Amino acid sequence: MTKQLPMPSPLPETIPIPKADPPEGMDLVAVPTGVNHRTAAYAYAGGSIFDKRDFYIGSALIKHPQGDLLVDSGFGRDIVKQIATMPRLFQKMTKYEVWKTAADQLEAAEYDFDRLSGILLTHAHWDHMSGIPDFPGLPVLVSRRDRAAFHNPEMFGNFRGYFQEIPFNWRELIFEGGPYLGFPRHHDVYGDGSIVCVPAPGHTPGSVIVFVTLPKQVRYALVGDLVWQREGLTRRVERPFPIRRLGDFDAEGNRQNILRMVSIMQRIPDLIVVPAHDQRAFAEMNQLPNVTTRGLTLSAQ
């Protein structure tokens, strides 16, 4: 029998829902770059091995008048070379399919790259960083702890030597703000409450969650790899034990952040929660002109 995490109390009424003043024209756009072929049994405890899940590998483009941000980067143009640096067992277990890189999609959509101000990482793992070299010189916003972990050769899910040779334009996130929705600190990217990052260590030492508020108070929570599929939150279950033992830096910390997010979801029922690898979550976003919605499959054009 799958062990559920305990049901937390809703976020107390004494903790206010932060006000945001998102500018007109702000938007959140899915940029799917491919999939990683998995099953529900890999994604969360109690999932079926017969329930095939194509994990979303890609980005979310936040359009903001003060500068657009890519949240994570998805597969990049050098993914074959990158995967070749990973341990052989990992290569055998990882069956991925590249559709179209974020840079190529933006070019096809005739996107104005001068609008892009940075890549905001939920955490520093290979499937979130692969596309960064396709945007040379672009600032890469990352927590201090994950920047340090990125240079640790023992960190699971890193590209070993490949990325160590690339001079990324790192910009460390400083969480100078106070409590935010029960998280101890936060960073308000543009000072209007529309893009707010909070530290959520567990999967990696410096994982972050990105809260995005669009016009008409449409709220998203981009939770990175806190959970891989929504069931981790809706069923209150962790990754299967062998997977979290291998892939989570601090399983207890991750567990507490799952419960914190469940508490927030109870208090804000219309919050759209987006695990980084759940296609269903990204299907609720707008899309670039070269993307059609059938799941999230790129068009043939």
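Coordinates for the structure precede this section.
The rules behind these values
- Residue positions are given per chain, counting from 1 as you read along its sequence in written order.
- Per-residue local features of the predicted model are confined to residues with pLDDT of at least 70, and side-chain atom pairs are confined, for both listing and counting, to 80 or more; whole-chain, interface and lining totals are unaffected and use all residues.
- Computation of side-chain values covers all heavy atoms of the structure but excludes hydrogens and water.
- We count a stretch as a helix when DSSP gives it H or I for four or more residues in a row; a strand needs E for two or more, and each element gets its number in order from the N terminus.
- The size measure is the radius of gyration over C-alpha atoms, and the globule rule it meets is 2.2 Å times the number of residues to the 0.38 power.
- Relative accessibility decides the category of a residue: with a 1.4 Å probe and only protein chains considered, values under 20% of the type maximum give buried, values over 50% give exposed, and everything between is partly exposed.
- For this analysis, residues touch if any pair of their heavy atoms sits within 4.5 Å.
- Neither His nor the chain termini are counted; the positive set is Lys and Arg, and the negative set is Asp and Glu.
- Charge coordinates come from a single atom per side chain, which is NZ of Lys, CZ of Arg, CG of Asp or CD of Glu.
- At least two bridges found by DSSP between two strands are what make those strands a pair.
- One side-chain nitrogen of Lys or Arg within 4 Å of one carboxyl oxygen of Asp or Glu is enough to make a salt bridge.
- The definition of a nonpolar core used throughout is a set of buried Ala, Val, Leu, Ile, Met, Phe, Trp, Tyr and Cys residues joined through side-chain atoms within 4.5 Å.
- What a helix should span is 1.5 Å times the count of its residues minus one.
- Working definition: rings of Phe, Tyr and Trp (its six-membered ring) pair if their centres are within 6.5 Å, and the pair is stacked with planes under 30 degrees apart, edge-to-face with planes over 60 apart, and tilted otherwise.
- We call a charge positioned above a ring when the Lys NZ or Arg CZ atom is no farther than 6 Å from the ring centre and deviates by at most 35 degrees from the ring normal.
- For the purposes of these results, a polar contact is taken to be a pair of N or O atoms within 3.5 Å, where, inside protein, one atom must be able to donate a hydrogen and its partner to accept one; residues adjacent in sequence count only when each atom of the pair is a side-chain atom.

Asks: Residue-level account of the overall build of the protein, with values.
Replies: When helices and strands are counted, the protein shows 11 helices and 13 strands. Here the C-alpha radius of gyration of the protein, 18 Å, is about what a compact globule of 301 residues would show, namely 19 Å. Principal axes of the C-alpha set define a box for the protein whose edges measure 50 × 50 × 40 Å. The 301 residues of the protein split such that 58% are buried. A separation threshold of at least 6 residues defines the contact pool for the protein, and within that pool the share at least 24 residues apart is 67%. Across the protein, the 32 positively charged side chains and the 33 negatively charged ones have centroids separated by 7 Å.

Asks: How would you summarise the sheet that holds strand E8 (residues 187–188) if you had to cite specific residues and measurements?
Replies: Sheet architecture is open: 5 strands sit in the order E8-E9-E10-E11-E12, paired in mixed fashion. Each having just a single partner strand, E8 and strand E12 (272–275) make up the two edges of the open sheet. In this structure, strand E11 (residues 218–224) lies alongside E12, joined through 4 bridges in parallel fashion. Along E12, the bridge assignment pairs glycine 224 with proline 275.

Asks: Explain the pattern of salt bridges to me, using residue names and the numbers behind them.
Replies: Taken as a whole and judged by the stated rule, the model has 15 salt bridges. The partner of glutamate 172 in a salt bridge is arginine 144, and the shortest N-O contact between them spans 2.9 Å. Of this pair, glutamate 172 sits in strand E7 (residues 169–173) while arginine 144 is found in helix H6 (residues 144–150), placing the two residues 28 residues apart along the sequence. Judged by its relative accessible area of 30%, glutamate 172 is partly exposed. Of the charged contacts, one joins glutamate 172 and arginine 147 as a salt bridge, the two residues approaching to 3.6 Å between their closest N and O atoms.

Asks: Just give me the short version of the nonpolar core, but keep the residues and values in it.
Replies: General note: in soluble globular proteins, nonpolar side chains tend to be found buried as a group. Leu222 and Met285 are the most contacted members of the largest nonpolar core, which has 27 residues in total. Those elements that provide at least two residues to this core are strand E1 (27–39), strand E2 (52–63), strand E3 (68–71), strand E9 (195–199), strand E10 (208–214), E11, E12 and helix H11 (279–282). A total of 4 residues in this core trace back to one element, the largest contributor, which is E10. With near-sequence residues (within four places) excluded, leucine 222 lies in contact with Leu28, Ala60, Val71, Val208, Ile209, Val210, Val212, Val274 and Met285.

Asks: Help me get a handle on the environment of glycine 253, residues and values and all.
Replies: Among the structural elements, glycine 253 can be located in helix H10 (residues 251–267). Along the chain, glycine 253 and alanine 200 lie 53 residues apart, while their C-alpha atoms are 8.0 Å from each other. The residues contacting glycine 253, other than those within four sequence positions of it, are Pro201 and Gly202.

Asks: Outline unusual backbone geometry, listing residues and values.
Replies: We note that aspartate 72 has phi near 65 degrees; this positive angle belongs to a residue other than glycine. One can find aspartate 72 in the loop between E3 and helix H2 (79–83). Overall, the relative accessible area of 3% leaves aspartate 72 in the buried class. Phi angles above zero are rare outside glycine, and glutamine 217 is one such case at about 60 degrees. Its place among the elements puts glutamine 217 in the loop between E10 and E11.

Asks: Which residues make up the side chain of serine 143, and what values go with them?
Replies: Looking at the element boundaries, serine 143 is found in strand E6 (residues 139–143). Taking the relative accessible area as the measure of exposure, serine 143 reaches 4% and is therefore buried. With sequence-adjacent residues up to four places away left out, serine 143 is seen in contact with Leu173, Phe175, Gly206 and Val208.

Asks: Please provide a residue-by-residue account of H10, values included.
Replies: For H10, spanning 17 residues, the distance from its first C-alpha to its last is 25 Å, which sits close to the expected 24 Å at 1.5 Å a residue. Here H10 has its buried residues at Gly253, Asn254, Arg255, Asn257, Ile258, Leu259, Met261, Val262, Ser263, Ile264 and Arg267. Along its buried surface, H10 packs onto E10, E11, helix H8 (231–234), helix H9 (241–247) and E12.

Asks: Explain the packing of aromatic side chains residue by residue, including any values.
Replies: Summed over all chains, the structure comprises 14 aromatic pairs. Each ring, one from phenylalanine 150 and one from phenylalanine 168, has its centre 6.1 Å from the other, and the planes form 40 degrees; the classification is tilted. One end of the pair, phenylalanine 150, is in helix H6; the other, phenylalanine 168, is in the loop between helix H7 (161–164) and E7, with 18 residues separating them in the sequence. Taking the relative accessible area as the measure of exposure, phenylalanine 150 reaches 1% and is therefore buried. Counting every residue linked through ring pairs, the aromatic cluster contains Phe75, Phe90, Tyr96 and Trp126. Above the plane of the ring of phenylalanine 183 lies arginine 260, whose end atom (NZ or CZ) is 4.9 Å from the centre.

Asks: Could you give me a rundown of the environment of aspartate 188, with the residues and numbers involved?
Replies: One can find aspartate 188 in strand E8. For aspartate 188, the contacting residues outside a window of four places in its chain are Glu176, Gly193, Ser194, Ile195 and Val196. Side-chain polar atoms of aspartate 188 contact the backbone nitrogen of aspartate 192, separated by 3.5 Å. Here the side chain of aspartate 188 touches glycine 193 through a polar contact of 2.9 Å, landing on its backbone nitrogen.

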